[in-house]
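Coordinates in review
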Amino acid sequence: MATYEPKTDDYELRAYKVYDCKVDPDQNDKSTEIKLCTFKRPHMRAFHCSWWTFFVAFFIWFAIAPLMPEIKKTLGLTGQQAWTSNICSVAGTIFMRFLLGPLCDKYGARLLMGCVLMGASIPCACTGLVTSATSLAILRFFIGLGGSTFVMCQYWSTSMFTKEVAGTANALVGGWGNLGGGVTQIVMGTVLFPLFKLGMSPEAAWRTVAIVPAVVGFATGFTILRISDDCPKGNYKDMKEKGIMPEVSATSSFRDGALNFNTWLLFIQYGCCFGVELTMNNASATYFKETFELTTESAAAIASIFG
């Protein structure tokens, strides 16, 4: 198998002397190709870690959605209270996305991705402890922080691939990651929920089933911190210590982005399309169950089509 060894001024200082992908030394050794069938560091390892962690984050984020009919019944929630919890789950990710963009510039995507995913896994595991509309809204706010992993997902792949292929890389990792919002509907509502019901009541089942994605999420976040890299030349912390990467101000980065008119155009466009996706992921299962009098399992299976 061919390997590539660009001889740049920082050759002795970078983490990898040889790459499995073709790289462009003028773009910080970013890859000029996407080799989907390899998991080698640093480029393709980061690629696969990026989409998988984003997938798991979306799985965790919407794990409650197919179970909402059961949760509403147990807690005696009104439709408005259920919608409030949906809004809270979105509010958390909006706040974090504004914060994490500049932090990626300073610390890199890998560290933030792992920490946010592990952090979101903790409230997900606590789903069974909710006892009221208020506790459900608070819980979903903190689980929703995991939705901000989209920022790291896109930043990470952009850090690994040249501008000529970064669009394709971003589309792949973002698209595959987004599948988590649909897959969680059928896995949580149609597969795991009925399995858990075999040995317990429906209430006990929805209170315990969320432990499964929580464990997967925490394990994934911890693992990527140890097996992947921030960028082709290594991790930001090591590169700064070796003097091959300058310090970056998160505040300055945020200011530059916020003052760019194009940022707000994209903000409006993304808000419109992503808002529809969040609504469908959150409301579909409940809608199908209540409108067509389906079982929780059937409603979740149909809702997964829209994810």
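Scroll up for the structure.
Anyway, here's the lowdown on the structure attached to this text. Everything quoted here is computed from the prediction, not taken from an experiment. (Residues numbered from 1 in each chain as written. Predicted model: local features only at pLDDT ≥ 70, side-chain atom pairs only at ≥ 80, totals over all residues. Heavy atoms only, no water.)

Here we look at the layout of surface pockets
As a reminder of what qualifies: Here a cavity denotes grid points, spaced 1 Å and computed from the protein atoms alone, that fit a 1.4 Å probe unable to get out, and a pocket denotes an open set having protein on both sides within 12 Å along at least 5 of 7 lines; residues with an atom within 4 Å of a point are the lining. Grid points are joined across faces, edges and corners, and a volume is the space filled by probe spheres set on the points. Put simply, DSSP H or I for four residues or longer makes a helix, DSSP E for two residues or longer makes a strand, and each gets a number counted from the N terminus. Under the scheme applied, nonpolar residues are Ala, Val, Leu, Ile, Met, Phe, Trp, Tyr, Cys and Pro; charged residues are Asp, Glu, Lys and Arg; polar residues are all the others, including Gly.
Within this model, the largest pocket holds a volume of roughly 1100 Å³. Mapped onto the lining of the largest pocket, the elements with two or more residues apiece are helix 3 (79–107), helix 6 (149–160), helix 12 (250–258) and helix 13 (261–292). The element that contributes the greatest number of residues to the lining of the largest pocket is helix 13, accounting for 10 residues. Of the residues contributing to the lining of the largest pocket, the split by class is 16 nonpolar, 11 polar and three charged. Roughly 230 Å³ of volume is contained in the second largest pocket. Its residues assigned to classes, the lining of the second largest pocket comprises eight nonpolar, two polar and three charged.

Points about the side chain of Ser-50
Counted only if it meets this: Here a residue-residue contact requires only that any non-hydrogen atoms of the pair lie within 4.5 Å.
Tracing the backbone through its elements, the reader meets Ser-50 in helix 1 (residues 43–61). In contact with Ser-50, other than residues within four places in its own chain, are Met-113, Cys-153, Trp-156 and Val-173.

Observations regarding the packing of helix 1 against helix 4 (residues 109–125)
Condition: To obtain an axis, a line is fitted to C-alpha atoms, over the contacting stretch when the element is a helix, and the angle between two such axes runs from 0 to 180 degrees between their N-to-C directions. Each angle gets one of four labels, with under 35 degrees taken as roughly parallel, over 145 as roughly antiparallel, 65 to 115 as roughly perpendicular, and the rest as oblique. For any pair of crossing helices, the crossing counts as left-handed if the nearer helix is rotated counterclockwise from the farther one by less than a right angle, and right-handed if it is rotated clockwise.
Running from N to C, helix 1 and helix 4 point in directions that differ by 20°, and their axes come no closer than 10 Å. When the interaxial angle is binned, helix 1 and helix 4 end up roughly parallel. As for how helix 1 packs across helix 4, the hand of that crossing is left-handed. Note on element contacts: helix 4 touches helix 1 through Met-113, Leu-117, Ala-120, Ser-121 and Cys-124, opposite Ser-50, Thr-53, Val-56, Ala-57 and Ile-60. Split into classes, the residues belonging to the contact of helix 1 with helix 4 amount to seven nonpolar, three polar and no charged.

Considerations on the environment of Ala-15
Heads up, the rule is: Exposed residues in this analysis have more than 50% of their type's maximum accessible area, buried residues have under 20%, and partly exposed residues fall in between, with area computed by a 1.4 Å probe over protein chains only.
Summarising the element assignment, Ala-15 is placed in the segment before strand 1 (23–24). Judged by relative accessible area, Ala-15 falls into the partly exposed class, the value being 42%. Once the C-alpha coordinates of Ala-15 and Gly-167 are considered, the two residues, 152 residues apart in sequence, prove to be 25 Å apart. The residues contacting Ala-15, other than those within four sequence positions of it, are Lys-233 and Gly-234.

A closer look at the pattern of salt bridges
Side-chain pairing between opposite charges can occur once the charged atoms of the two side chains come close. Operational definition: Think of a salt bridge as a Lys or Arg side-chain nitrogen and an Asp or Glu carboxyl oxygen that are within 4 Å of each other.
On inspection of all chains with the given rule, the structure shows 11 salt bridges. Among the salt bridges present, the one from Asp-229 reaches Arg-41, with a minimum N-O distance of 3.0 Å. Of this pair, Asp-229 sits in the loop between helix 10 (211–227) and helix 11 (236–242) while Arg-41 sits in the loop between strand 2 (30–31) and helix 1, and the two are 188 residues apart along the sequence. Notably, a salt bridge pairs Glu-241 with Lys-237, separated by 2.9 Å at the nearest N-O pair. With a gap of four residues between them, Glu-241 and Lys-237 both fall in helix 11, about one helical turn apart. Judged by its relative accessible area of 57%, Glu-241 is exposed. Beyond isolated ion pairs, a larger network of salt bridges with shared partners links Asp-20, Glu-33 and Lys-35.

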